[in-house]
Amino acid sequence: MRRLTPLVLAFGILLTLVAAGPALASSYRYWSFWDGSAGQWVYASLGPSMARPADGSAWGFRFAVSKDAGDEAARPRAAADFGAVCGATPAAEGKKRVAVVVDFGLPADAPSGEEPPQDAPRTACAQIAPDATAAEALAAVAKPLRYNSAALLCAVSGYPKQGCGEPLAEGPGTASSPATATASGPADGRDSASPAGSGSGPSAGLLVGIAAVAALAAAALWQSRRRRTR
């Protein structure tokens, strides 16, 4: 039993380090996606490339440092009001109208060296094909868009110029200090074009801890074999 104790201890330390790793990145800097069809912003359950908004609906995009959860993420600061956005746009045969709200967020949420293109949210009425997605509605009124290799939405109207869903060790107060780990974005279970991805990579401290545990396990195994050969 004594021979197993170092290995058990090493395994316990490894589990602790792995469990603690994801907790370091509690917030993300990313574009969140919102369904305003009922007149209130609701964190979308589908990403923009999967959602097919109905005629007369409103959809919002907000850039911010936020928790990856519907009840904690920053909502668009403009109302989910189809009439206010599309009321002056006449209906067209073979097209549907979708109110699009693009909120570039606050200066405190901007990546280092960048600023939001405008202070107030931008609104536009997209006229698109009946089967078009929310991503197509956004592209119709807010180009250029930027996606990463995993089809994650990274920039709207060219903002931000760099970065894509970076995990942050702290909340909005440390928006200019991203964690050393990299990520494709917060894992919220939506499709690949939403702010979802594989989650944060391992931090430098976690890698060092794993290496230390591996060394301890190897030493324990060597000691155990040495005792058996005596």
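Located above this text is the structure these notes cover.
Here is a short report on the structure shown in this document. What you are looking at is a predicted structure, and each value in this text was computed from that prediction instead of being measured.

**Points about the packing of aromatic side chains**
Here's step 1: Considering all chains together, one arrives at 7 aromatic pairs under this definition.
Here's step 2: Measuring from ring centre to ring centre gives 5.8 Å for Trp31 and Phe104, while their planes differ by 80°; the resulting arrangement is edge-to-face. Placement of the pair is Trp31 in strand S1 (residues 27-35) and Phe104 in the loop between strand S4 (96-103) and strand S5 (122-128), with a sequence separation of 73 residues. Per residue, the accessibility class of Trp31 equals that of Phe104, and both read buried.
Here's step 3: Measuring from ring centre to ring centre gives 5.2 Å for Phe63 and Tyr159, while their planes differ by 70°; the resulting arrangement is edge-to-face.

**Brief notes about empty space enclosed by the protein**
Here's step 1: Enumeration according to the criterion identifies 1 cavity of 30 Å³ or more in this entry.
Here's step 2: Of the volumes computed, that of the largest cavity is approximately 40 Å³.
Here's step 3: Arg29, Tyr30, Trp31, Phe63, Leu153, Cys154, Pro160, Gln162, Gly163, Cys164, Gly165 and Glu166 together form the lining of the largest cavity.
Here's step 4: Secondary structure elements with two or more residues in the lining of the largest cavity: S1 and strand S7 (153-155).
Here's step 5: For the lining of the largest cavity, the element with the highest residue contribution is S1, accounting for 3 residues.

**Quick word on the state of the cysteines**
Here's step 1: This structure, assessed with the given rule, holds 2 disulfides.
Here's step 2: A sulfur-sulfur separation of 2.2 Å characterises the disulfide bridge that pairs Cys86 with Cys125. Every disulfide takes its handedness from the sign of the S-S torsion; for Cys86 and Cys125 that torsion is 110°, giving right-handed. Note that Cys86 is positioned in helix H2 (residues 82-86) and Cys125 in strand S5, a separation of 39 residues in sequence.
Here's step 3: What makes Cys86 buried here is its relative accessible area of 0%.

**What to know about the environment of Asp109**
Here's step 1: Of note, Asp109 is situated in the loop between S4 and S5.
Here's step 2: Residue Asp109 is classed as buried on the basis of its relative accessible area of 6%.
Here's step 3: For Asp109 and Ala64, which are 45 residues apart along the polypeptide, the C-alpha to C-alpha distance reads 5.4 Å.

About the criteria used
- Residues numbered from 1 in each chain as written.
- Predicted model: local features only at pLDDT ≥ 70, side-chain atom pairs only at ≥ 80, totals over all residues.
- Heavy atoms only, no water.
- Phe/Tyr/Trp six-rings, centres within 6.5 Å; stacked < 30°, edge-to-face > 60°.
- Helix = DSSP H or I, 4+ residues; strand = E, 2+ residues; numbered from the N terminus.
- Buried < 20%, exposed > 50% of the residue type's maximum accessible area, 1.4 Å probe, protein only.
- 1 Å grid on protein atoms, 1.4 Å probe; cavity = no way out; pocket = protein on both sides within 12 Å on 5 of 7 lines; lining within 4 Å.
- Points joined across faces, edges and corners; volume = space filled by probe spheres on them.
- Disulfide = S-S within 2.5 Å.

Honestly, it's all geometry; don't read function into it.
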